[in-house]
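# Coordinate inspection notes
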Amino acid sequence: MQNKTMVAIATLVEEQWGKKISEKVISDAAIRWKELCQENKHACKEKQGHYRDNLFPCISYYEALQKNGVSQQDALTFLDESWSKQAEKSAESMKKILSVLGLYKFYPAMFRWVAKQQFGTKAGFKADFYQTEKTCCKFDMKKCLFLDTCRKYGCPELTPCFCHTDDIKNEDLHPHLCWNRTQFMGNGGAFCDFEIYVKNRISKPHDRTQLVSSSDMQC
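Below or above, wherever it landed, is the structure these notes cover. (Residues numbered from 1 in each chain as written. Predicted model: local features only at pLDDT ≥ 70, side-chain atom pairs only at ≥ 80, totals over all residues. Heavy atoms only, no water.)

### Observations regarding the pattern of salt bridges
Scanning the entire structure with this criterion turns up 11 salt bridges. Between Asp28 and Lys24 there is a salt bridge, with its nearest N and O atoms 2.8 Å apart. Linking Asp28 with Lys24, this pair stays in helix α1 (residues 4-39), spanning four residues, or about one helical turn. Among the ionic pairs, Arg181 bridges to Asp166, the shortest N-O distance being 3.3 Å. Placement of the pair is Arg181 in the loop between β3 (177-180) and β4 (192-198) and Asp166 in helix α6 (residues 159-170), with a sequence separation of 15 residues. When its relative accessible area of 24% is taken as the criterion, Asp166 is described as partly exposed. Shared partners join several salt bridges into a network, and the residues in it are Lys24, Asp28 and Lys67. (Salt bridge = Lys/Arg side-chain N within 4 Å of Asp/Glu carboxyl O. Helix = DSSP H or I, 4+ residues; strand = E, 2+ residues; numbered from the N terminus. Buried < 20%, exposed > 50% of the residue type's maximum accessible area, 1.4 Å probe, protein only.)

Okay, here's the thing in structure tokens:
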């Protein structure tokens, strides 16, 4: 098992359930992960990273845990906590970077760039970005690969595991940064709204008359 996410979750499974149960869970999850990757081998490269490193590990372990006697709720709680732990590590690393004098001012622009590069139309997402200052990033995600994939494999309840990581990674990054989100599709919202800004500006509600870019699915 070479995938880093699969290996990381395997360690947590062993810690949680011990060697006797974990060996079978890890084996079943590895088989399922390979099946899912093979089934989606022709998906475009923009989706492959999300599939192999996030979605398929989560789905594989979710199914494997239940197959080996773990309740659905316990499996769901375990994976939510597992993804949260990984997000916390990422957040701590980012906090160290932003602690360098003045770098926090560029975070909203970086957040926008990453959103467009990694969560664009070819990757299975659709977002509306809104006109803001350079020290603010606002957009609404209208279509999500994570939600669509979890629905496809009969486990939409897994989607919030991924949604929660957005909050963990972006809340309390720096004293001068503020993160706002009021809803997300994984919990039944009409869309996922994102806003992060430097606190020395006045935050205003999304002005949806100032749409600067909107994307449709291309892949």
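### A closer look at the nonpolar core
Core analysis: the biggest nonpolar cluster contains 59 residues, and Tyr61, Phe139 and Leu158 have the highest contact counts within it. With 11 residues, the top contributor of residues to this core is α1. Those residues in contact with Leu158 that sit more than four places away from it in its chain are Cys58, Ile59, Tyr62, Leu76, Leu79 and Cys150. (Core = buried A, V, L, I, M, F, W, Y, C linked by side-chain atoms within 4.5 Å. Contact = heavy atoms within 4.5 Å.)

### A word on the side chain of Asp128
With respect to the helices and strands, the residue Asp128 is situated in strand β1 (residues 126-130). Among the polar contacts listed, one links the side chain of Asp128 to the side chain of Lys142, at a separation of 2.9 Å. (Polar contact = N/O pair within 3.5 Å; in protein donor to acceptor, adjacent residues only side chain to side chain.)

### Concerning helix α4 (residues 107-118)
What sets the pattern is the α-helix's 3.6 residues per turn: residues three or four places apart point alike. Between its first and last C-alpha, α4 extends 16 Å over 12 residues, near the 16 Å set by a 1.5 Å rise per residue. Taken residue by residue, α4 has Tyr107, Pro108, Phe111, Arg112 and Ala115 as its buried positions. Taken around the axis of α4, the buried residues stretch over an arc of 145 degrees, which confines them to a single face. The exposed set on the far side of α4, more than 90 degrees from its buried face, consists of Trp113 and Gln117. (Expected span 1.5 Å × (residues − 1). Arc of directions from axis to C-beta.)

### Focus: the packing of aromatic side chains
Counted by the stated rule, this structure contains 14 aromatic pairs. Between the aromatic rings of Trp83 and Phe162, the centroid separation amounts to 5.6 Å while the plane-to-plane angle is 90 degrees, which identifies the pairing as edge-to-face. Pair noted here: Trp83 is in helix α3 (residues 72-98) and Phe162 is in helix α6, with a separation of 79 residues, a long-range link. Overall, the relative accessible area of 8% leaves Trp83 in the buried class. Judged by centre distance (6.0 Å) and plane angle (45 degrees), the rings of Phe125 and Phe146 are tilted. With Phe125 in the loop between α4 and β1 and Phe146 in helix α5 (residues 145-152), this pair connects stretches of sequence that are 21 residues apart. The exposure class of Phe125 is buried, given its relative accessible area of 2%. Connected via pairs of aromatic rings, a cluster forms that spans Tyr107, Phe111, Phe129, Phe139, Trp179 and Phe194. Geometry around Phe129 places Lys116 over its ring, the cationic atom sitting 4.8 Å from the centre. It is Lys142 that lies over the ring of Phe191; its NZ or CZ is 5.8 Å from the centre. (Phe/Tyr/Trp six-rings, centres within 6.5 Å; stacked < 30°, edge-to-face > 60°. Lys NZ or Arg CZ within 6 Å of the ring centre and 35° of its normal.)

All quantities given are derived from atomic positions and should not be read as evidence of function.
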